[in-house]
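Chains, contacts and geometry: an overview
Chain residues, written in single-letter form:
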Amino acid sequence: MSSNVLAEDLGDILTDHIDSDVENVILVNPEKSSVASVVETLHGRDDSPRVDLLATADFFKEVMADFYVASRAADLVQQELLSLAAVDEQPTQSLLLTEDDLTALVTVAGGIGGLYTDEDHIVTAVSEHVGSIESMADPFELQTPALSRVRETMGADLGESTVADFDAVLSRMARNGAQLRTLDEVTICLLVAARNGELLYDVSKWGEDVGIASKATFSRTKTRLEEAGVLDTEKVPIQVGRPRLRL
């Protein structure tokens, strides 16, 4: 990374830094729409640097309401490749900072611009300023479970065919995110479970145990989908107690 750049998204600019073997990157106040590309760029890489993301708690709440983004971010946090630091006041600049250089991020039509400098006095001054802000930040705790844990427990409790369909939905979301991101995690889980004829009880118990949502939320979402004609249920008798519902 040695010059100004115009890229399609922030993930492309970050990739340039990864390829230059930096160990730590600080991202300050990126565009909300850019966070998905950052997480996607980092997720699954073996050579990723640690990225510290600095923004407000409200920023993180809005961005991480997207299960597709939050579940991958949770994986990265567990691997200590990503940290989320929440500050009280939104920073005025959008920056990508390493030990040796600084890139000011500017949104332009059709992409994102990176205005680069490695002038020591500028990088040092900005690093000290960002460091003072970061020292007063609080860790932002993700409520979404890590994608790896979701997949692992789903396979154990609901079967690998359900996991395969779950992965297929996420893959489609990666290709057509803007059209499908309105699908929340509970809806996704119920749809793939219905495709595989799972019991509502098993799905909701698994979902509550893994930390996706409560059994009540699964039940309400099932009712909404059933009323909309998206899925059906049938009663399955059991030896003791009320019949259970197969999706």
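What comes next concerns the included structure. Note that the coordinates shown come from a computational prediction; the quantities given were computed from them, not determined experimentally. (Residues numbered from 1 in each chain as written. Predicted model: local features only at pLDDT ≥ 70, side-chain atom pairs only at ≥ 80, totals over all residues. Heavy atoms only, no water.)

Examining the packing of helix α10 (residues 200–210) against helix α11 (residues 215–227)
Where α10 contacts α11, the axes come no closer than 8 Å and their chain directions differ by 135°. Classified by the angle their axes make, α10 and α11 are oblique. Seen along the crossing, α10 lies across α11 with a hand that is right-handed. The segment α10 lies against α11, with L200, V203, S204, K205, G207 and E208 engaging K215, F218 and K222. Among the residues forming the contact of α10 with α11, the class breakdown is three nonpolar, two polar and four charged. (Axes fitted to C-alpha atoms, helices over the stretch in contact; angles between N-to-C directions. Helix = DSSP H or I, 4+ residues; strand = E, 2+ residues; numbered from the N terminus. Parallel < 35°, antiparallel > 145°, perpendicular 65-115°, else oblique. Left-handed = near helix turned anticlockwise from the far one by under 90°. Contact = heavy atoms within 4.5 Å. Nonpolar A, V, L, I, M, F, W, Y, C, P; charged D, E, K, R; others polar.)

So, a nonpolar patch on the surface
Residues L6, V106, V108 and L115 make up a contiguous nonpolar surface patch of roughly 350 Å² in combined accessible area. With respect to the helices and strands, the residue L115 is situated in strand β7 (residues 111–117). (Patch = residues over 30% accessible without salt bridge, like charges linked within 9 Å, V, L, I, M, F, W, Y side chains within 5 Å. Areas by Shrake-Rupley, 256 points an atom, 1.4 Å probe, with all protein chains shown as cover. Salt bridge = Lys/Arg side-chain N within 4 Å of Asp/Glu carboxyl O.)

Quick look at the packing of aromatic side chains
Tallied over the entire structure, the rule returns three aromatic pairs. With 6.3 Å between their ring centres and 65° between their planes, F67 and F166 make a pair best called edge-to-face. Of the two residues, F67 sits in helix α4 (residues 67–78) while F166 sits in helix α7 (residues 160–175), which places them 99 residues apart along the sequence. Each member of the aromatic cluster is reached from another via a ring pair, and the members are F59, F60 and F140. Taking the ring centre of Y68 as reference, the NZ or CZ of R72 above it sits at 4.0 Å. One Lys or Arg, R244, reaches over the ring of Y201 and ends 3.9 Å from the middle of that ring. (Phe/Tyr/Trp six-rings, centres within 6.5 Å; stacked < 30°, edge-to-face > 60°. Lys NZ or Arg CZ within 6 Å of the ring centre and 35° of its normal.)

Considerations on helix α5 (residues 120–135)
Over its 16 residues, α5 extends 22 Å from the first C-alpha to the last, a length consistent with the 22 Å expected when each residue adds 1.5 Å. Those residues of α5 that sit buried are V123, V126 and V130. All buried residues of α5 lie within an arc of 75° about the axis, which places them on one face of the element. In this structure, α5 carries D120, H121, E128 and S135 as exposed residues pointing more than 90 degrees from its buried face. (Expected span 1.5 Å × (residues − 1). Buried < 20%, exposed > 50% of the residue type's maximum accessible area, 1.4 Å probe, protein only. Arc of directions from axis to C-beta.)

Section: the sheet that holds strand β6 (residues 102–108)
Strand order in this open sheet of eight strands is β1-β7-β6-β5-β2-β3-β4-β8, and the pairing throughout is mixed. Edge positions in the sheet fall to β1 (5–7) and β8 (138–139), since each has one partner strand and no second. In this structure, strand β5 (residues 95–97) lies alongside β6, joined through three bridges in antiparallel fashion. By the bridge assignment, L96 is partnered in β6 with T103. Set on the sheet, α5 makes contact with β2 (24–28), β3 (50–56), β4 (82–87), β5, β6 and β7; between it and β5 the angle comes to about 105°. (Pairing = 2+ DSSP bridges.)

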